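The residues making up each chain are set out below.
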Amino acid sequence: MPRVTYVEYNGREHGIELEAGLSVMQGAIENNIPGIDADCGGECACATCHVFVPEEWLAKTGTPGEQEASMLGFAATAQPNSRLACQITMSEALDGLVVHMPEAQH
Amino acid sequence: MNAPVDMDHARIAATTPLDRLDPSNPAIFRDDAWQPYFARLRAEAPVHHCPESMFGPYWSITTYKDIMQCELAHKVLSSDSLHGGISIRDRDKALRLPMFIAMDPPQHDDQRKVVQPIVAPDNLAKMEGIIRARAIEILEGLPRNETFNWVDRVSIELTVSMLATLFDFPQEQRRRLSHWSDCATALPMPGGLIETEDQREAALAEMLGVFTGLWNERVNAAPRPDLISMLAHGAATRNMTPREFMGNLVLLIVGGNDTTRNSISGGVLFLNENPAEYAKLRANPALVETMVPEIIRYQTPLAHMRRTATADFEVGGRTIRAGEKVVMWYISGNRDPAAIEEPDRFLIDRKRPRQHLSFGFGIHRCVGNRLAEMQLKILWEEILQRFPTIEVVGKPQRVYSAFVHGITDLPVRIPG
């Protein structure tokens, strides 16, 4: 199964296996990884599963869609490499993915 | 009109023909009798058209899933005050109040981005100490063995003092903020807080005058991290018309105190109605963390948000036509058993307590949601340090409104 590593704001790492087809947000929620709130449950409607994707992974995760970009526009600490984890679907191509969490979800 | 009259809500909700069922009647909320109306709509007509009400014809959206669909459809469901804005009550065109919650993109996005840094994580962290100090001061000043109104002494006091801080508004005048807030949302009626729209306009003009003074002071000074300075210096807001400034002040004042106020009051009431939950909380104060979003869900301090269709729109198998009014009843979606397990129970240790509609979803989602949660959390932490119990000793009085779902009086007693 492909692996993904979540890095908390304080640097603590959580590596998990995540079935292809599930979202990176679901992986965090199902494994009780702190730092992802996911208030809307994956509807791309709240921006509380905000993560930063390292440069080397951006080509593979793709870029935000229109609704995601709107929501990220209101995330307090958004950067050019920001994504909503509910919009990144796990796949074999993403095996080894690392995502970093912001200071807080808003 | 505001004096409670006996209405047999259970019977009305059960027997009124569907096409005449009108859940927007403010008496339903004043009497705390909204549950059977919405339970019936969710079961029999989840997307429902009411042809006639005191607010004119409107559609009701009552389930969690359909509300979420509408929240994401901001391209066809407009919030613009030109179409009637975000609450069920249309205002006279001349009295329309532009504010960013009642705008569509791109203007909404531009103005919202000016003020949202006030609640960014680093700023919130700075506010924590201020809120805690105020909460302690308010709680230490409460009488023992004596009945008092929790709403006035705690809910309003804590939220207006926070709001004064956000505006850098003189603390000694903070009660003017809650007064203007109440005037902005009140339904005009004989014997009410305001009797006419002219009285509302007069109160808002007074508010505008005071804030224009603060604006003038700050526009020529270096930018500071308070809301007025941010608006005065923001590229998307510095050239606002006076009417637009007034609208955004109403938004920030109502959004910044009334909602949290009513959740603070609601929490005390819910714990009294659910003694087993109160016992659970006393045994494990760490449950404050999950209790806070549960309070906000259970209260749903704004019963609805309204949109206006700008094109035909399909939801729940019905077609809403361009120009029609759409009311998303958050208060109903938050009690939808298809989305939330045992939704009518107040449970302080739910697994996913933040999955609720009270803050809205999509681009208009509440800017201050984390600040609201923080105020409630700190207040409850400090309450638990001091008072083994807060007893509700009388019937709460509720706001006559289908929009602000609030409590004006909550008689309580703290045993000493």
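Before reading further, recall that the structure is shown in the block above.
Residues numbered from 1 in each chain as written. Chains lettered and ligands numbered in written order. Predicted model: local features only at pLDDT ≥ 70, side-chain atom pairs only at ≥ 80, totals over all residues. Heavy atoms only, no water.

Considerations on the overall build of chain A
Phase 1 of the analysis: A count of helical and extended segments in chain A gives 3 helices and 5 strands.
Phase 2 of the analysis: Its helices and strands taken in sequence order, chain A reads β-β-α-β-α-α-β-β from the N to the C terminus.
Phase 3 of the analysis: On C-alpha atoms alone, chain A measures out to a radius of gyration of 12 Å, which is about the 13 Å that the 2.2 N^0.38 rule sets for 106 residues.
Phase 4 of the analysis: Within chain A, the fraction of its 106 residues that count as buried is 48%.
Phase 5 of the analysis: Total accessible area on chain A is roughly 4,600 Å²; 45% of this is exposed by carbon and sulfur atoms.
Phase 6 of the analysis: Mean positive and mean negative side-chain charge positions of chain A (4 and 15 charges, respectively) differ by 7 Å. (Helix = DSSP H or I, 4+ residues; strand = E, 2+ residues; numbered from the N terminus. Rg over C-alpha atoms; globule rule 2.2 N^0.38 Å. Buried < 20%, exposed > 50% of the residue type's maximum accessible area, 1.4 Å probe, protein only. Areas by Shrake-Rupley, 256 points an atom, 1.4 Å probe, with all protein chains shown as cover. Lys, Arg positive; Asp, Glu negative; His and termini not counted. Charge placed at Lys NZ, Arg CZ, Asp CG, Glu CD.)

Focus: the nonpolar core
Phase 1 of the analysis: Counting residues in hydrophobic clusters, the biggest one holds 112 residues, and the most contacted among them are W150(B), F167(B), F211(B) and W380(B).
Phase 2 of the analysis: The greatest single-element share of this core, amounting to 13 residues, is contributed by helix α11 (residues 242-273) of chain B.
Phase 3 of the analysis: Ranked by size, the runner-up nonpolar core spans 29 residues in total, among them I33(A), W57(A), M90(A) and L94(A). (Core = buried A, V, L, I, M, F, W, Y, C linked by side-chain atoms within 4.5 Å.)

Observations regarding helix α7 (residues 150-167) of chain B
Helical geometry note: an α-helix holds 3.6 residues per turn, so side chains three or four residues apart project in the same direction.
Residue and element names in this part refer to chain B.
Phase 1 of the analysis: Helix length check: α7 (18 residues) gives 25 Å between terminal C-alpha atoms against 26 Å at 1.5 Å per residue, within 8%.
Phase 2 of the analysis: At I156, α7 shows its largest kink, close to 35°.
Phase 3 of the analysis: The residue sitting at the N-terminus of α7 and contributing the capping side-chain oxygen is N149; that oxygen lies 3.0 Å from the backbone nitrogen of V151.
Phase 4 of the analysis: A positive phi of about 50° marks D168, the residue just after α7. (Expected span 1.5 Å × (residues − 1). Bend = angle between axes of the 7 residues up to and from the residue. Polar contact = N/O pair within 3.5 Å; in protein donor to acceptor, adjacent residues only side chain to side chain.)

A short note on the pattern of salt bridges
All names here are of chain B.
Phase 1 of the analysis: In the structure shown here, the tally under the stated rule is 45 salt bridges over all chains.
Phase 2 of the analysis: A salt bridge links R132 to E128, with the shortest nitrogen-to-oxygen separation between them at 3.5 Å. Of this pair, R132 and E128 both sit in helix α6 (residues 121-140), separated by 4 residues, roughly a single helical turn.
Phase 3 of the analysis: Overall, E128 belongs to the partly exposed group, its relative accessible area being 32%.
Phase 4 of the analysis: Here R261 makes a salt bridge to D182, at a shortest N to O gap of 3.1 Å. One end of the pair, R261, is in helix α11; the other, D182, is in helix α8 (residues 175-185), and 79 residues separate them in sequence.
Phase 5 of the analysis: On the accessibility criterion, R261 (6% relative accessible area) is buried. (Salt bridge = Lys/Arg side-chain N within 4 Å of Asp/Glu carboxyl O.)

As for the interface of chain B and chain A
Phase 1 of the analysis: Contact with chain B, which involves 23 residues of that partner, is made by 23 residues of chain A.
Phase 2 of the analysis: Here chain B meets chain A over a buried area of about 1,900 Å², counting both sides, of which 56% is carbon and sulfur.
Phase 3 of the analysis: Counting the surface chain B buries against chain A, the share from its top three residues, P121(B), R352(B) and R370(B), is 27%.
Phase 4 of the analysis: The interface formed by chain B and chain A holds 5 salt bridges in total. (Contact = heavy atoms within 4.5 Å. Buried area = accessible area lost by both parts, 1.4 Å probe.)

Things to note about the sheet that holds strand β8 (residues 325-329) of chain B
Whenever strands of a sheet pair, they do so through backbone hydrogen bonds, lying parallel or antiparallel.
Residue and element names in this part refer to chain B.
Phase 1 of the analysis: Here we have 5 strands laid out as an open sheet, ordered β1-β2-β8-β5-β3, and mixed in their pairing. If you trace the sheet from one side to the other, it starts and ends with β1 (47-50) and β3 (77-78), each paired once.
Phase 2 of the analysis: Pairing of strand β5 (residues 304-309) with β8 involves 5 bridges; the strand directions are antiparallel. Within β8, the residue paired with M305 across the bridge is M328. (Pairing = 2+ DSSP bridges.)

Quick notes on the pairing of strand β1 (residues 3-7) of chain A
Residues and elements named next belong to chain A.
Phase 1 of the analysis: The buried fraction of β1 amounts to 4 of the 5 residues, a majority that puts the element mostly inside the structure.
Phase 2 of the analysis: The sheet contact formed by β1 and strand β2 (residues 13-17) spans 5 bridges and is antiparallel. Bridge assignment links Y6 to a residue of β2, and that residue is H14.
Phase 3 of the analysis: Adjacent in sequence and paired antiparallel, β1 and β2 are bridged by 5 residues, among which G11 carries a positive phi angle near 95°.
Phase 4 of the analysis: Across 4 bridges, the pairing between β1 and strand β5 (residues 97-100) is parallel. When the bridges of β5 are listed, V4 appears paired with L97.

Observations concerning the state of the cysteines
Residues and elements named next belong to chain A.
Phase 1 of the analysis: Taken as a whole and judged by the stated rule, the model has 0 disulfides over all chains.
Phase 2 of the analysis: Left unpaired, C46 is separated from the closest cysteine sulfur, that of C40, by 3.8 Å.
Phase 3 of the analysis: Judged by its relative accessible area of 5%, C46 is buried. (Disulfide = S-S within 2.5 Å.)

Overview of the packing of α6(B) against helix α15 (residues 369-386) of chain B
Residues and elements named next belong to chain B.
Phase 1 of the analysis: Running from N to C, α6 and α15 point in directions that differ by 40°, and their axes come no closer than 9 Å. In terms of orientation, α6 lies oblique with respect to α15. Relative to α15, α6 is oriented so that their crossing is right-handed. Each of L124, M127, E128, I131, R132, A135, I136, L139 and E140 in α6 lies in contact with α15, whose residues at this interface are R370, L371, M374, Q375, I378, L379, E381, E382, I383 and R386.
Phase 2 of the analysis: Classifying every residue of the contact of α6 with α15 by side-chain character gives 11 nonpolar, 1 polar and 7 charged. (Axes fitted to C-alpha atoms, helices over the stretch in contact; angles between N-to-C directions. Parallel < 35°, antiparallel > 145°, perpendicular 65-115°, else oblique. Left-handed = near helix turned anticlockwise from the far one by under 90°. Nonpolar A, V, L, I, M, F, W, Y, C, P; charged D, E, K, R; others polar.)

A few points about the sheet that holds strand β12 (residues 411-413) of chain B
Residues and elements named next belong to chain B.
Phase 1 of the analysis: A sheet is described by the order of its strands in space; here 3 strands give the open sequence β4-β12-β9, paired in antiparallel fashion. Edge strands, defined here as strands with exactly one partner in the open sheet, are β4 (147-149) and β9 (391-392).
Phase 2 of the analysis: By the bridge criterion, 3 bridges tie β4 to β12 in an arrangement that is antiparallel. Bridge pairing in β12 places F148 opposite V412.
Phase 3 of the analysis: In the packing of α7 onto the sheet, contacts are made with β4 and β12, and the angle to β4 comes to roughly 45°.

Focus: the side chain of R112(B)
Phase 1 of the analysis: Its place among the elements puts R112(B) in helix α5 (residues 107-115).
Phase 2 of the analysis: For the buried R112(B), no salt bridge exists, and the shortest N-O distance to an oppositely charged side chain is 7.6 Å, to D109(B).
Phase 3 of the analysis: Polar side-chain contacts of R112(B) include one of 2.7 Å to the backbone oxygen of R365(B).
Phase 4 of the analysis: Those residues within four positions of R112(B) in sequence are excluded, and the remaining contacts are F74(A), F100(B), I363(B), H364(B), R365(B), C366(B) and V367(B).

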